[in-house]
Amino acid sequence: MPTFKHRSVVVSCEHAVHTIPQRWAFLFSSQEAHDLLETHRGWDPGAAEIAIRIAAKLNCPCVPGDCSRLLVELNRSLDNPEIWSQFTAPLSHADKDLIVRSHYEPFRRHCRELIEAALTHPNNLALHVSVHTFTPFLYGHERMIDVGILFDPKRPLEARFAQSILHHLKQSDPTLRIAFNQPYSGTDDGHTTALRTLLHSSGYVGLEIEVNQAILLNQPSHWRSLIAQLTAAIGAQI
């Protein structure tokens, strides 16, 4: 395993908000659209709070998305049909290109530039923490975990960091239900997956943290303590 002289953290939050820029508000004027924007389909409730508090405590940069995932899905690649929702899929190529240039590309570029800056020296390591929350019920099935840590199992460094974060979380709260690569696979199309390909550096570690929204909705005191525990577990890596 390589030895790294300096370790940095960059936090991103792809689904930070459920807002729609005024330019595109007409697409979401229906009651259906308004209702969906408030759900997990429109954003990740609580994710921005986690990301901002982690970054503030660790004194590291935080890059939040600036629009709802129903306008453009910042956690998908441009060639993935899921990048567009039912409200934006019918748009013209010119309109889609404008959305990409105004929202998708600036977000992705900002994250990449911060990570590349952290990797300027061959012996530097950049831990990229992409923060998400997930709905406790999907298609009628309850998701029985509190925290998911997503990574690429074929990347030993990511596996090692994921194991270390799990260990620290379990030490602080043995009752936490933590799982690797749940409720999604760490190799599905996403922001960290794309950066693994784009960044030709062994020092890039891309982890996606998923937290169950049921904790935010039903256990506010546990929610606050969990954020502190996540921050400590991630901070222990640097």
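Right above here is the structure, for reference.
All figures in this text were calculated on a predicted structure; none of them were measured in a lab.

**Section: unusual backbone geometry**
With an omega dihedral of 0 degrees, the bond running from Gln 182 to Pro 183 counts as a cis peptide bond. In this fold, Pro 183 is placed in the loop between strand 7 (178-180) and helix 5 (191-198). Even without being a glycine, Asn 59 presents a positive backbone phi close to 55 degrees. What makes Asn 59 exposed here is its relative accessible area of 72%.

**Examining the packing of aromatic side chains**
Tallying each qualifying case throughout the model produces two aromatic pairs. Relative to Phe 180, the ring of Phe 151 lies with its centre 5.2 Å away and its plane at 90 degrees, an arrangement referred to as edge-to-face. Placement of the pair is Phe 151 in the loop between strand 6 (147-150) and helix 4 (156-172) and Phe 180 in strand 7, with a sequence separation of 29 residues. Judged by its relative accessible area of 6%, Phe 151 falls in the buried class. Geometry around Trp 24 places Arg 23 over its ring, the cationic atom sitting 4.1 Å from the centre.

**Some thoughts on helix 3 (residues 93-118)**
Taking 1.5 Å of rise per residue, the 26 residues of helix 3 would be expected to cover 38 Å, and the 35 Å separating its terminal C-alpha atoms lies within 8% of that figure. Helix geometry: helix 3 is bent most strongly at Val 100, by close to 40 degrees. Where the residues of helix 3 are buried, they touch strand 1 (6-13), strand 2 (62-64), strand 3 (124-134), helix 5 and strand 8 (204-212).

What counts as what
- Residues numbered from 1 in each chain as written.
- Predicted model: local features only at pLDDT ≥ 70, side-chain atom pairs only at ≥ 80, totals over all residues.
- Heavy atoms only, no water.
- Helix = DSSP H or I, 4+ residues; strand = E, 2+ residues; numbered from the N terminus.
- Buried < 20%, exposed > 50% of the residue type's maximum accessible area, 1.4 Å probe, protein only.
- Phe/Tyr/Trp six-rings, centres within 6.5 Å; stacked < 30°, edge-to-face > 60°.
- Lys NZ or Arg CZ within 6 Å of the ring centre and 35° of its normal.
- Expected span 1.5 Å × (residues − 1).
- Bend = angle between axes of the 7 residues up to and from the residue.
- Contact = heavy atoms within 4.5 Å.

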